[in-house]
Amino acid sequence: MGPLIEERLEFEFLFDDQYVIVAGAQSRWARRRKIKLAELVNEPWVLPPPVSQTASLALEAFRASGLEYPRQIVVTESPQVRFNLPATGSFLTMLSGSVLRFPTRRADLKVLPVQLPMPPLPSGIVTLKNRTPSSVARLFMKHAREVAKPLKTRK
């Protein structure tokens, strides 16, 4: 975020979130113990639109590995499509690791053993400075902190 936005907002760190490559549990890739990103570049992918944060992270990961962005892709904003197409075993996707944990683990998806050249990203609560959150917002933040406790990796 730029300095102007940072002056107006506060960020409370909850946990570091790592992006992962995901395939269906029955995919031929799900049985592999080690996979290089280069091996997956020509596979069918389902990714968000290029202007999204996740797509820019995926593009950065491919470029950092000296690879072109996958050409065989389904582009969608829908999280359900990004879960369901890989679950068929025919597509790959890149997701935030935390979305695979909440609300429950997805047995039909498997995180592939791919080392992505990107650091974890901080996840947290963003609020306006000098504003008191509503009672509903405070309750939500309290529960978010509790849910995030097992994921917390920083001190």
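The rules behind the values
- Residues numbered from 1 in each chain as written.
- Predicted model: local features only at pLDDT ≥ 70, side-chain atom pairs only at ≥ 80, totals over all residues.
- Heavy atoms only, no water.
- Helix = DSSP H or I, 4+ residues; strand = E, 2+ residues; numbered from the N terminus.
- Contact = heavy atoms within 4.5 Å.
- Areas by Shrake-Rupley, 256 points an atom, 1.4 Å probe, with all protein chains shown as cover.
- Lys, Arg positive; Asp, Glu negative; His and termini not counted.
- Charge placed at Lys NZ, Arg CZ, Asp CG, Glu CD.
- pLDDT = per-residue confidence, 0-100.
- Buried < 20%, exposed > 50% of the residue type's maximum accessible area, 1.4 Å probe, protein only.

Describing the overall build of the protein
Secondary structure assignment for the protein yields 5 helices and 7 strands. Ordering the α and β elements of the protein from the N terminus gives α-β-β-α-β-α-β-α-β-β-β-α. Judged by the C-alpha coordinates and their principal axes, the protein covers about 50 × 35 × 30 Å. Contacts in the protein between residues far apart in sequence, at least 24 positions, make up 79% of those at least 6 positions apart. Of the accessible surface of the protein, which amounts to about 10000 Å², a share of 55% is contributed by carbon and sulfur atoms. Of the side chains in the protein, 23 bear a positive and 13 a negative charge, and the two mean positions are spaced by 6 Å.

Let's talk about the confidence of the model for the protein
Summarising the model, the protein shows a mean pLDDT of 89, and 93% of its residues fall at 70 or more. By mean pLDDT, the top-scoring element of the protein is helix 2 (residues 37-40) (96), and the lowest-scoring one is helix 1 (residues 3-8) (67).

Description of the environment of Val-46
By secondary structure assignment, the location of Val-46 is in strand 3 (residues 45-47). Of the residues examined, Val-46 reaches a relative accessible area of 0% and is grouped as buried. When the C-alpha positions of Val-46 and Met-94 are compared, they lie 8.2 Å apart, and in sequence the two are 48 residues distant. Not counting chain neighbours up to four residues away, the residues in contact with Val-46 comprise Val-74, Thr-76, Val-81, Arg-82, Leu-85, Pro-86, Phe-91, Leu-92 and Thr-93.

A closer look at the environment of Val-99
Following the sequence through the fold, Val-99 ends up in the loop between strand 5 (92-96) and strand 6 (109-111). Residue Val-99 is classed as partly exposed on the basis of its relative accessible area, which comes to 31%. Remark: the alpha-carbon pair of Val-99 and Asp-17, spanning 82 residues in sequence, is separated by 9.5 Å.

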